[in-house]
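# Observations on the three-dimensional arrangement
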Amino acid sequence: TRVEKGGYKHFMAKEIAEQPVVLGDALHHYLRENGVNLPESLDFTGLDRLTLVACGTAFYACTVAKYWFESLAGLPCEIDVASEFRYREPPLPENSFAIFVSQSGETADTLAALRYCAEKVRKTIAVVNVATSSIARECDVALPILAGVEVGVASTKAFTCQLLVLAVMALKAGVDRGRIGPEALAAHLEALRSLPGLMNAALATSEPIVKLAERLAEAQDILFLGRGPMFPLALEGALKLKEISYIHAEGYASGELKHGPIALIDRMVPVIVMAPHDRLFDKTVSNMQEVMARHGMVLLISDAKGIAEAAEGTWATLKMPAVAEPFAPILYALPAQLLAYHTAIAKGTDVDQPRNLAKSVTVE
Ligand code: G6P
């Protein structure tokens, strides 16, 4: 199938804008009225452990999912990048599942990691965009993320759809393991169903990002901070920016700031804080204040409540709709992607074909 840009300047812009629709498709496929729609054989009852392995953006989706499987389902998770996992001879409990997340389903390291696990665990599960791919074929169960063809080298809609499928699995795990009752499940399903609408709202109010990006384009280094499930999103925000704007960026857990990166802070270093008004908000704000005390330029991305409480002293704020706590990373992926996109535009780099990168890495 030939895919067109459909009026957008770049595939990446089109793929960012498509997210409310493709996420809606995935929701339609994976949710039933009162529950989730996953193969019965995917039973997490009594499981000792989950292992999640991937590369690049897909690995950050696994990192978010670890927070979900642990907090929603009480299921211990191990995560690793495939290139390390495949050679470190990790012992795997027999009573465990291994999940491989890959947009293309062809990444060589991820495929090798899958082959390592195949005879050792109870079940291997593929979370892939390409349903006919090697990883999909070799796993016991393959779950399509239904993002549609992704052309931009920097992954966008595949990331949010990967997150959605992993969130649905975490909910099933929570139900199977007696951690999530009918009422809590209904609330979580409602929260997931609200995401396409929230994404539309976030896209509709994303115009200020263009101006912010013009300033970011002048930076040499940029830090992204987050806590809890927003920490992996900080990593993904930094990766997106590096990939397409070639600006050095790092994602850090907010609480780790004082253990090193704070030494980098001066007037020239933008620090992007991704902090919905959640349980950990106050802690993140105090980390943010440490940055401002050293004259760092803080961009706070939060909801109305967070901005009302903590905007003072920041360089800029970006307002997001309020979102149910565990699933905030799915929504906050959008401003992270848009910041990278517009910064790259301001720098004049080749957004869809960044130098030195390939869409799919099929050699080691
Ligand atoms: C490449 C791409 C990334 C992607 C990674 C993993 O590095 O440029 O965007 O996240 O491979 O690819 P996969 O197809 O396994 O998700």
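Predicted model only: the values in this text are computed from it and were never measured.

For the rest of this paragraph, the subject is the site of the ligand. In the vicinity of the ligand, 16 residues are found, and the nearest of them are Gly-56, Ser-102, Gln-103, Ser-104 and Thr-107. The class makeup of the residues in the shell around the ligand is six nonpolar, nine polar and one charged.

It is worth spelling out the pairing of strand E12 (residues 316–320) at this point. Direction of pairing for strand E11 (residues 297–303) relative to E12: parallel, over a ladder of five bridges. Residue Asp-303 lies in a different strand from E12, and its bridge partner there is Met-320. Regarding topology, helix H13 (residues 304–310) serves as the crossover connection from E11 to the parallel E12, and that connection is right-handed.

Take the environment of Arg-2 next. With respect to the secondary-structure elements, Arg-2 resides in the segment before helix H1 (11–17). C-alpha separation for the pair Arg-2 and Val-149, spaced 147 residues apart in sequence, amounts to 9.4 Å.

This next bit is on helix H2 (residues 19–30). With twelve residues, H2 extends 16 Å between its outermost C-alpha atoms, agreeing within 8% with the 16 Å of an ideal straight helix rising 1.5 Å per residue. Within the sequence span of H2, burial applies to Gln-19, Val-22, Leu-23, Ala-26 and Tyr-30. Buried residues of H2, seen end-on, are gathered within an arc of 100° and therefore sit on one face of the element. Contact partners of the buried residues in H2: H1, strand E1 (31–32), strand E2 (35–36), helix H7 (157–176), helix H9 (195–204) and helix H14 (328–347).

Calculation criteria
Residues numbered from 1 in each chain as written. Predicted model: local features only at pLDDT ≥ 70, side-chain atom pairs only at ≥ 80, totals over all residues. Near = placed C-beta within 6 Å. Nonpolar A, V, L, I, M, F, W, Y, C, P; charged D, E, K, R; others polar. Pairing = 2+ DSSP bridges. Helix = DSSP H or I, 4+ residues; strand = E, 2+ residues; numbered from the N terminus. Right-handed = clockwise from strand over helix to strand, strands pointing away. Expected span 1.5 Å × (residues − 1). Buried ≥ 20, exposed ≤ 12 C-beta atoms within 10 Å, placed from the backbone. Arc of directions from axis to C-beta. Contact = placed C-beta atoms within 7 Å.

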